[in-house]
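These are the residues of each chain, in order.
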Amino acid sequence: MHGTYNFWLVAASLVVATLASYTALDISGRLASLTQSRTRHVWLAGGAASMGIGIWSMHFIGVLAFELPIPLGYDLKITAGSLGIAVLVSFFALLVITSRRLTAKRLVASSVLMGAGIAAMHYTGDAAMRMLPAIEYDPRLFAASIAIAVVASGAALWIAHTLSDANQTNVLAKRAGSALVMGIAITGMHYTGNAAAEFLPGSICGAANDVDAHWLATTIVLFTLAILIITLVLSRFDARTALLAGSVSRLNGQIVRMATFDTLTDLPNRRTMNERIDRAIRNARRDGSRFAILFMDLDGFKTINDSLGHTVGDEVLKAFSRCLQDCVRGGDTVARLGGDEFVVMLENLHAPTDAEKMAERILDAMKKGLVVGNHPLQVMASIGIALYPQDGDSVESLLKHADVAMYEAKRGGRSTYRFFEASMNEAAVRTLQIQQALHEALNGGHFYLLFQPKFRGTSGELAGAEALIRLDHPEIGTLTPLEFIPIAERSGQIVQIGYWVVREACRHMAQWRAEGREQVKVAINLSPRQMHEADLVANIMTIVRDEGVQSEQIMFEITESVAMQDAPRTIEMIRAFQESGFEIAIDDFGTGYSSLAYLQRFRAKQLKIDRFFTNGLDENGQEGRAIVSAIIALAHSLDMDVVAEGVETGSQLDRLQDMMCDEMQGFLLAMPLSANEFGTMLQTREVSV
Ligand code: C2E
Ligand code: MG
Ligand code: MG
């Protein structure tokens, strides 16, 4: 007896198989991204049910598509049994797909099991017709149908497992394509199985009266489609909600991180550091332990930021934060308070020397230098140390005292560390007073200039003078530049003060000239911050012209360490000065890290040997003399004049003259003089000539 196929139902079975496969793939993808075990179980059960119903109804629709010329019906219990098998097989399949690792062995075993399950479902479905006599099966086609089921299952499992990886791209298109392949394979298995069935002539269907086939077909198609679509929609919706929930919780995490960590360096920020110090205080009170706060900032960071830009500045801060993290021990805290201020907290201190060692270790690490982008930068830090309990018993006092100690370290020559001492508080108060005084100084007319004469080495003639600023404040008295220039540097006021110095020096020079006095060169000091003013030379030129002074009469002094900080820029700056007619001197030579190559390229007019070396002529014997003589020889070979600063004794003067030093400056020869006194000196000279 031969049956015929209802085309529409065959097509419907393919659609259902494809949709069921798509649902399976979608759910397996969903399962792979779930971490909570409860939701995972719900989706596993729900997914297995809808996928099982899908596969089963594909088979069942396939069975219904086959029409025999006799009335057909299906045994409800056996049909339900075949559905049960389909759901079980699907459950198993989803487990395999979403398992973390799918080895070849596991894939083969699972394919055989799943294929056997699908075949069992199919032939149980056939059995639901209760044919009399029973259906006979062509052994080869029967075997082929099982083989197809196994191979199709294997392919389906492998594809689904691969696609459940969350890092896939174009996942929807890949899933749709794979679902079609899987659908065709499953349908193929079914129709091969059907072809294997032989209905003997005169067969009757024992279940013919149970359920009407057409009604059943329509119901199942609609029901299955509904289930599959609902499952898909739910899965998508759930995925979206999970995605949303995920981004909300990620955002939450980010907000918490931003509030507690510094975004640039990823270090704890001020707030977090305060909390940790507070906790450390409580711990230390409880178990009588001690801890240290190391407060530090980078020397000259403002200059780096102004000259090389904020991007480089940021890189320097990051490099510094890495350096600190490399230096500290496991339990220590490194935090960035803001700007270039960093704090390290060392807990469970055995002795104050532990803090000292750490400070030394940090400074040593910094000496190796930071390479930031293409700029090799010699950046150093100053460190202040406060200890608990002796230097403070609250977060505020510990941080403040460590800060005060750091400021002392800066005043003590930078690139060093200081422990807090009670007397430093007085220094901090003084700093505040000076800051206040500086605010009023320019408008209040509290600055004035002194002129320290310079003399020729051989003849002793007056060669010129160096302008030295003083601050005379009605309340705090007269201050030397060493006291207020670093503070003005930090606040940026030095730029305006610097222009004032140029104007004032020119004013005096013009006056001396008007009084008919001898004209000499005047040297003016430049500070690092001024060097980073974009139109420094142009602005100075305007002032000099306004005051009616020749630029050839002015020499600018740039400290060696500042000149070397960014040597290529210094060269540019020096050229700009020279093009406008000014001369340049390298001041305090011997205190920076000079590169001879750069020294040559600066092409400065003068080299001023630092007072330290002049002093060494008396104090350090032969060695001290050898150094000065070498510096003089070097300067002469580079075509520069040498000025010795700080000449205080006759023996220094004699030695310098022997060494052919070009000019001398120092208390022995003349103290810094007021403009009037220096004017008189000029006049005296003129008269005596
Ligand atoms: P400097 O440029 O090296 O100036 C020389 C300093 O040495 C002056 O100190 C001077 O008074 C001092 N001095 C001169 N002869 C002797 C001596 O024989 N023995 C000793 N012990 N000291 C001597 P002063 O005036 O206190 O200035 C200190 C520094 O402040 C200067 O060092 C300079 O770097 C800076 N400075 C001074 N005036 C200005 C200014 O107008 N602008 C800027 N930016 N810096 C200035
Ligand atoms: Mg100077
Ligand atoms: Mg000097």
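Cut-offs used in this document
Per chain, the residues get numbers from 1 upward, laid out in the order the sequence is written. Written order determines the labels here, with chains lettered from A and ligands numbered from 1. Side-chain atom pairs in this predicted model are given and counted only at pLDDT of 80 or more, local residue features only at pLDDT of at least 70, and totals for whole chains, interfaces and linings cover all residues. Side-chain figures throughout are based on the complete set of non-hydrogen atoms in the structure, without hydrogens or water. By definition, any uninterrupted DSSP run of H or I lasting at least four residues is a helix, any uninterrupted run of E lasting at least two residues is a strand, and each is numbered from the N terminus. For a helix, the expected span equals 1.5 Å multiplied by the residue count minus one. Summary of the burial criterion: residues with accessible area below 20% of their type's maximum are buried, those above 50% are exposed, and those between are partly exposed, where the area comes from a 1.4 Å probe applied to protein chains only. The contact definition used throughout considers only heavy atoms, calling two residues in contact when any of these lie within 4.5 Å. Where each domain begins and ends is defined by an automated method or by a domain database. UniProt positions are given in the numbering used here, feature names are shortened, and annotations may be inferred rather than shown by experiment. Paired rings are identified among Phe, Tyr and Trp, the last through its six-membered ring, by centres lying within 6.5 Å, and are further divided according to the angle between planes into stacked (under 30 degrees), edge-to-face (over 60) and tilted (the rest). Side-chain atoms within 4.5 Å are what join buried Ala, Val, Leu, Ile, Met, Phe, Trp, Tyr and Cys residues into a set we call a nonpolar core. For Na, K and Ca the donor cut-off is 3.2 Å; for every other metal, N, O and S atoms count as donors within 2.8 Å. Water does not enter the count, which can leave sites looking incomplete.

As recorded in an unreviewed UniProt entry, the protein goes by Response regulator receiver modulated diguanylate cyclase/phosphodiesterase and comes from Caballeronia glebae.

## Observations concerning helix α12 (residues 395–411)
The end-to-end C-alpha distance of α12 is 25 Å, a good match for the 24 Å that 17 residues give at a rise of 1.5 Å each. Just beyond α12, the residue with positive phi is G413, at close to 110°.

## Re the environment of I469
The topology assignment puts I469 in strand β15 (residues 462–473). We classify I469 as buried; its relative accessible area is 7%. Spatially, the C-alpha atoms of I469 and V501 are 7.3 Å apart, while their sequence positions differ by 32 residues. For I469, the contacting residues outside a window of four places in its chain are F447, Y448, L449, P481, F484, I485, I497, W500 and V501.

## A closer look at the domain arrangement of the protein
When its domains are assigned, the protein resolves into domain 1 (4–246), domain 2 (270–420) and domain 3 (432–684). Each of domain 1 and domain 3 has a C-alpha centre, and these two points are 93 Å apart.

## A closer look at the UniProt feature "transmembrane region" (unreviewed entry) in the protein
Those places that UniProt annotates as "transmembrane region" (unreviewed entry) correspond, in this numbering, to residues 6–29, 41–66, 78–97, 104–121, 141–160, 172–193 and 213–234. Helix makes up 96% of residues 6–29 and strand 0%, with an end-to-end C-alpha separation of 35 Å. With 96% helix and 4% strand, the stretch residues 41–66 has end C-alpha atoms that lie 37 Å from each other.

## Details of the packing of aromatic side chains
By the definition in use, this model includes 18 aromatic pairs. Aromatic pair F451 and W512: ring centres 5.1 Å apart, planes at 75°, arrangement edge-to-face. In this pair, F451 sits in strand β14 (residues 447–456) while W512 sits in helix α15 (residues 494–514), placing the two residues 61 residues apart along the sequence. Like F451, the residue W512 is buried in the burial classification. On the numbers, 6.5 Å between centres and 20° between planes, the contact of Y598 with F602 is stacked. Separated by four residues within a single helix, Y598 and F602 lie in helix α20 (residues 596–602), roughly one turn from each other. Through a chain of ring-to-ring contacts, three or more aromatic side chains come together here, namely Y123, Y137 and F142.

## Overview of the nonpolar core
In terms of nonpolar packing, the biggest core is built from 83 residues, with F556, F577 and F678 touching the most fellow members. Counting residues per element, this core draws most heavily on α15, at eleven residues. Excluding residues within four positions of it along the chain, F678 makes contact with F451, P453, L462, G464, A465, W512, V520 and L673. Among the nonpolar cores identified, the runner-up in size contains 66 residues, and M58, M121, M129 and M182 belong to it.

## Observations concerning the coordination of the magnesium ion (ligand 3)
Coordination sphere of the magnesium ion (ligand 3), protein contribution only: D587 (OD), D588 (OD), E645 (OE) and E645 (OE), at 2.0 to 2.5 Å. Positions of the donor residues of the magnesium ion (ligand 3) along the chain correspond to the pattern D-D-x56-E. For the pair the magnesium ion (ligand 3) and the magnesium ion (ligand 2), the metal-to-metal distance amounts to 3.9 Å, and D587 bridges them. With a relative accessible area of 21%, D588 lands in the partly exposed category.

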